[in-house]
Amino acid sequence: MTRQLPLPLGPIFHFTSAGLVEGNANRQALAWLADPAGWPLHRLAVWGPEDAGKTHVLHAFAERTGGVLLPGGALRFLVDLPASGTVAVDDADEAAEAETLLHLLNAAAEAGLPVLLAGRTPPSRWPSPLPDLTSRLRATTAVGLDLPDDEMLADLLARLLAERQLRVEPHVQAYLLARLPRTGGALREAACRLDRASLADGRRVTRALAAETLATMDVGADGSDGRAEGEPLLF
């Protein structure tokens, strides 16, 4: 059997509208995102813990509305805002410069552009040295995102495998779900590794290959992934 060598590329994750899984954890937020014209003050914030799907939500929103997506951690100067569409700021609670975030909110308000912010806590709790920014954040409507439930995780894994054209029997998917950490990042990493292993060896994705893949991820029998408590996921 000829062994195929996959290129040593890192996993590529597509945060698209089509790949966004809806469930109890994000249904309320998605309902708000469907009507940006109805946001009070043309602003909305989505907040929730790591791996609640905030980044995916922002990517899908920007894609659907023709919006600009900005990283809060690199927000050091005001970019030229579009004449139409929307503005989304990921990790807005960690904006590099409060002044720039304030100017962005003011400029978007003057242009009538809806602004979507994302952070780990409601914007009323974000630290700010600027009273004007604090008042704007406190006046921003906020909606929470929860961690995905079992149904959402199963749906996400099925979509990730389908994106890579991997045919995986339901019992193998259930085997993976029972042992992987309950995060989107872990599921994406598993799908990527399964794809690479299947391509390299020309094998179907069986339970045996799934077990081998889990071993390369250092996933314990209890579903832990070998990280120290508080250590971030890298994906």
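Here the structure is shown first, and the text comes after it.
Here is a short report on the structure shown in this document.

Parameters and conventions
- Residues numbered from 1 in each chain as written.
- Predicted model: local features only at pLDDT ≥ 70, side-chain atom pairs only at ≥ 80, totals over all residues.
- Heavy atoms only, no water.
- Helix = DSSP H or I, 4+ residues; strand = E, 2+ residues; numbered from the N terminus.
- Buried < 20%, exposed > 50% of the residue type's maximum accessible area, 1.4 Å probe, protein only.
- Contact = heavy atoms within 4.5 Å.
- Areas by Shrake-Rupley, 256 points an atom, 1.4 Å probe, with all protein chains shown as cover.
- Salt bridge = Lys/Arg side-chain N within 4 Å of Asp/Glu carboxyl O.
- Core = buried A, V, L, I, M, F, W, Y, C linked by side-chain atoms within 4.5 Å.
- Arc of directions from axis to C-beta.
- Axes fitted to C-alpha atoms, helices over the stretch in contact; angles between N-to-C directions.
- Parallel < 35°, antiparallel > 145°, perpendicular 65-115°, else oblique.
- Left-handed = near helix turned anticlockwise from the far one by under 90°.
- Nonpolar A, V, L, I, M, F, W, Y, C, P; charged D, E, K, R; others polar.
- Expected span 1.5 Å × (residues − 1).

**Some points on the overall build of the protein chain**
Each helix and strand in the protein chain was counted, giving eight helices and five strands. In sequence order, the protein chain lays out its α and β elements as α-β-α-β-β-α-β-α-β-α-α-α-α. Per-residue burial over the protein chain gives 43% buried out of 235 residues. Sequence separation of 24 or more characterises 71% of the internal contacts of the protein chain that already satisfy a separation of 6 or more. For the protein chain, the computed accessible surface area is about 12,400 Å², with 52% contributed by carbon and sulfur atoms.

**Some thoughts on the pattern of salt bridges**
Per the counting criterion, the structure on display carries seven salt bridges. In this structure, the salt-bridge partner of E189 is R193, at a minimum N-O distance of 2.7 Å. With E189 and R193 both in helix α7 (residues 184–201) and four residues apart, the pair spans about one turn of that helix. Here R203 ties to E212 by a salt bridge, and the two come within 3.1 Å at their closest N and O atoms.

**Details of the nonpolar core**
The biggest cluster of nonpolar side chains holds 23 residues, and the ones touching the most others in it are L161, L176, L180, L187, L194 and V205. Looking at this core, the elements with two or more residues in it are α5 (150–163), α6 (170–179), α7 and α8 (207–216). Ranked by residues supplied to this core, first place goes to α5 with six residues. With residues near it in sequence (within four places) discarded, L187 still touches L153, L156, L157, L160, L177 and L180. Counting 19 residues, the second-largest nonpolar core is a separate cluster that includes A98, L104, L113 and L133.

**A look at α8**
Here α8 has its buried residues at L209, A210, T213 and L214. In a view along the axis of α8, the buried residues occupy a sector of 140°, so they form one face of it. Elements that come into contact with the buried residues of α8 comprise α6 and α7. Looking one or two residues beyond α8, the residue adopting positive phi is D218, at roughly 55°.

**Overview of the packing of α7 against α8**
Two numbers describe how α7 lies on α8: the axes approach to 10 Å, and their chain directions differ by 120°. The orientation of α7 with respect to α8, classified from their angle, is oblique. Between α7 and α8 lies a crossing whose hand is right-handed. Mapping the contact onto sequence places A190, R193, L194, A197 and S198 in α7 and L209, A210, T213 and T216 in α8. Among the residues forming the contact of α7 with α8, the class breakdown is five nonpolar, three polar and one charged.

**A short note on helix α2 (residues 54–65)**
With 12 residues, α2 extends 16 Å between its outermost C-alpha atoms, agreeing within 8% with the 16 Å of an ideal straight helix rising 1.5 Å per residue. Those residues of α2 not exposed but buried are K54, H56, V57, L58, A60, F61, A62 and T65. On its buried face, α2 is in contact with α1 (27–33), β1 (43–47), β2 (68–71), β3 (87–90), β4 (115–119) and α7. The positive-phi residue at the C-terminal boundary of α2 is G66, with phi of around 65°.

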